[in-house]
Amino acid sequence: MREYQSLLVEQQGAIAHVMINRPAKANSMDEAFWTEMVEVFDWVDRTDSVRVAVISGVGRNFSAGIDLQMLAQAAGSMVADIGRNAERIRRNILKLQSAFNAVDECRKPVIAAVHGYCIGGAIDLISACDMRYCTPDAHFSIKEIDMGMAADVGTLQRLPRLIGDGIMRELAYTGRPVYGEEAARIGLVNQVFADHDALLEGVMDIARQIAAKSPLAIRGTKEMIRYSRDHSVADGLNYIATWNAAMLQSEDLKVAVAAHMSKKPAEFAD
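Below is a short write-up of the structure.

What counts and what doesn't
Residues numbered from 1 in each chain as written. Predicted model: local features only at pLDDT ≥ 70, side-chain atom pairs only at ≥ 80, totals over all residues. Heavy atoms only, no water. Helix = DSSP H or I, 4+ residues; strand = E, 2+ residues; numbered from the N terminus. Rg over C-alpha atoms; globule rule 2.2 N^0.38 Å. Buried < 20%, exposed > 50% of the residue type's maximum accessible area, 1.4 Å probe, protein only. Polar contact = N/O pair within 3.5 Å; in protein donor to acceptor, adjacent residues only side chain to side chain. Contact = heavy atoms within 4.5 Å. Salt bridge = Lys/Arg side-chain N within 4 Å of Asp/Glu carboxyl O. Core = buried A, V, L, I, M, F, W, Y, C linked by side-chain atoms within 4.5 Å. Pairing = 2+ DSSP bridges. Phe/Tyr/Trp six-rings, centres within 6.5 Å; stacked < 30°, edge-to-face > 60°. Disulfide = S-S within 2.5 Å.

The next point concerns the overall build of the protein. Within the protein one finds 11 helices and 10 strands. For 270 residues, the compact-globule formula gives about 18 Å, and the C-alpha radius of gyration of the protein, at 20 Å, lands near that figure. Dimensions along the principal axes, computed over C-alpha positions, put the protein at roughly 70 × 40 × 40 Å. Out of the 270 residues in the protein, the part that is buried amounts to 45%.

Attention shifts here to the side chain of His115. When you line up the elements, His115 lands in the loop between β5 (110-114) and β6 (117-119). In this structure His115 comes out as buried when scored by relative accessible area, which is 5%. Polar side-chain contacts of His115 include one of 2.7 Å to the backbone oxygen of Gly59. Each residue touching His115, except ones within four places of it in the same chain, is listed here: Gly57, Gly59, Arg60, Asn61, Phe62, Thr135, Asp137, Ala138, His196 and Leu199.

To continue, consider the pattern of salt bridges. Under the defined criterion, the tally for this structure stands at 19 salt bridges. The salt bridge partner of Asp165 is Arg169, with a shortest N-O separation of 2.6 Å. In this pair, Asp165 and Arg169 both sit in helix α6 (residues 165-174), 4 residues apart, roughly one turn of the helix. Residue classification places Arg169 among the partly exposed residues on the basis of a relative accessible area of 38%. One salt bridge in this structure joins Asp230 and Arg229, with 3.2 Å as the shortest N-O distance. Residue classification places Asp230 among the partly exposed positions, given a relative accessible area of 45%. Shared partners join several salt bridges into a network, and the residues in it are Asp104, Arg158, Arg226, Arg229 and Asp230.

A separate point is the nonpolar core. Within the largest apolar cluster, 53 residues are counted, with the highest numbers of intra-cluster contacts made by Met37, Phe41, Phe100, Leu125 and Phe140. Elements with a minimum of two residues in this core: β2 (7-12), β3 (15-20), α1 (31-46), β4 (52-57), α3 (82-104), β5, α4 (121-127) and α6. It is α1 that provides the largest number of residues to this core, a total of 7 residues. Aside from chain neighbours lying at most four places away, what touches Leu125 is Ile20, Met29, Phe33, Met37, Ile55, Phe62, Phe100 and Val103. With 15 residues, the next largest nonpolar core counts Ile111, Met131, Leu199 and Val203 among its residues.

This part takes up the sheet that holds strand β9 (residues 178-179). Pairing between sheet strands relies on hydrogen bonds along the backbone, with the strands arranged either parallel or antiparallel. Pairing is mixed in the open sheet, where 3 strands are placed in the order β6-β8-β9. Each of the sheet's edge strands pairs with one partner strand only, and the pair in question is β6 and β9. Where strand β8 (residues 139-141) lies against β9, 2 bridges are found, and the strand directions are antiparallel. In the sheet register, Phe140 faces β9, and the bridge partner there is Val178.

Glancing now at the packing of aromatic side chains. Applying the stated rule across the entire model yields 6 aromatic pairs. Here the aromatic rings of Phe33 and Phe100 are separated by 6.3 Å at their centres, their planes lie at 70°, and the arrangement is edge-to-face. Highlighted residues: Phe33 in helix α1 and Phe100 in helix α3, separated in sequence by 67 residues. Given the relative accessible area of 0%, Phe100 is considered buried. On the basis of an interplanar angle of 90° and a centroid distance of 6.0 Å, the ring pair of Tyr239 and Trp243 is categorised as edge-to-face. Within this pair, Tyr239 and its partner Trp243 are both found in helix α10 (residues 233-247), separated by 4 residues, close to a single helical turn. Accessibility expressed as a relative area gives 14% for Trp243, which makes it buried. Three or more aromatic residues link up through ring pairs in this structure, and these residues are Phe33, Trp34 and Phe100.

Tracing the sequence through the fold places Asp230 in the loop between α9 (215-229) and α10. Looking at Asp230, its side chain comes within polar contact range of the side chain of Arg229, at 3.2 Å.

So, on to the state of the cysteines. Considering all chains together, one arrives at 0 disulfides under this definition. Of the cysteine sulfurs around Cys106, a residue in no disulfide, the closest is that of Cys129, at 10 Å. Note on Cys118: no disulfide assigned, nearest cysteine sulfur contributed by Cys134 at a separation of 9.0 Å. A residue is classified by how much of its surface remains accessible, and Cys118, at 0% relative accessible area, is buried.

Note that all results are geometric; they support no functional claim without further evidence.
Laid out in structure tokens, this is it:
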């Protein structure tokens with residue numbers, strides 16, 4: 001178990017369980033959180049024995065989003081010159097974006113297990129994950145609109161690729177809450193589990209299934225999905241042809257075929 005100021009990280013076999021750990025503050029994202037996310041997902045990315053990451057929240061909530069005290073401190077640091085303020089704000093937004101880019105760009109699949117509040121910056125976070133699961137009481141809201149601002153850490157860029165454009169605009173313009181069953185219906189989450197215990201058990205089971213696959217095949221699959229999201233079909237087809245020209249020579253292919261033929265589980269190297 002690794003304990004940070006805002007996070008707890010536990011490696012369970014091939015799964016890294018990353019827990020947002022500020023339960024007294026509804027797991028709001030303070031100054032330390034943004035730096036620690038980059039550090040933790042750099043560790044996940046480069047640690048060969050970790051094949052999947054799960055993100056959850058300690059206590060009653062996943063996360064209530066960015067800590068408002070952090071926003072207040074940023075507002076208090078403004079100077080008289082508009083240009084210098086703008087440059088400082090832009091640099092700070094890019095720093096916050098890097099925390100969730102680290103999740104999106106991680107070589108390993110990242111799964112969000114959501115219960116309770118998942119609002120504001122927490123939507124930015126789960127939008128950067130590969131899959132999302134929740135409990136019936138999960139409360140999703142693009143809350144930035146009620147703070148007089150546009151969401152700026154990834155929601156407006158990633159969420160339209162996860163749910164329909166029209167419903168995404170409705171949620172972004174109104175800030176209205178979405179709960180578990182509706183979240184599943186619109187495609188924001190893959191599945192709703194009965195309660196928090198069932199959620200973690202179910203998500204960990206999915207993570208174990210992924211961890212049992214060839215890590216090279218999982219790596220290639222995530223890379224191709226991410227690449228195709230931002231490129232044309234022709235570009236994606238060309239890239240996978242080049243990628244697999246190397247990867248199909250891996251021992252993992254032989255191991256997988258032998259396991260399939262013998263009807264025994266495959267054992268892949270990290």
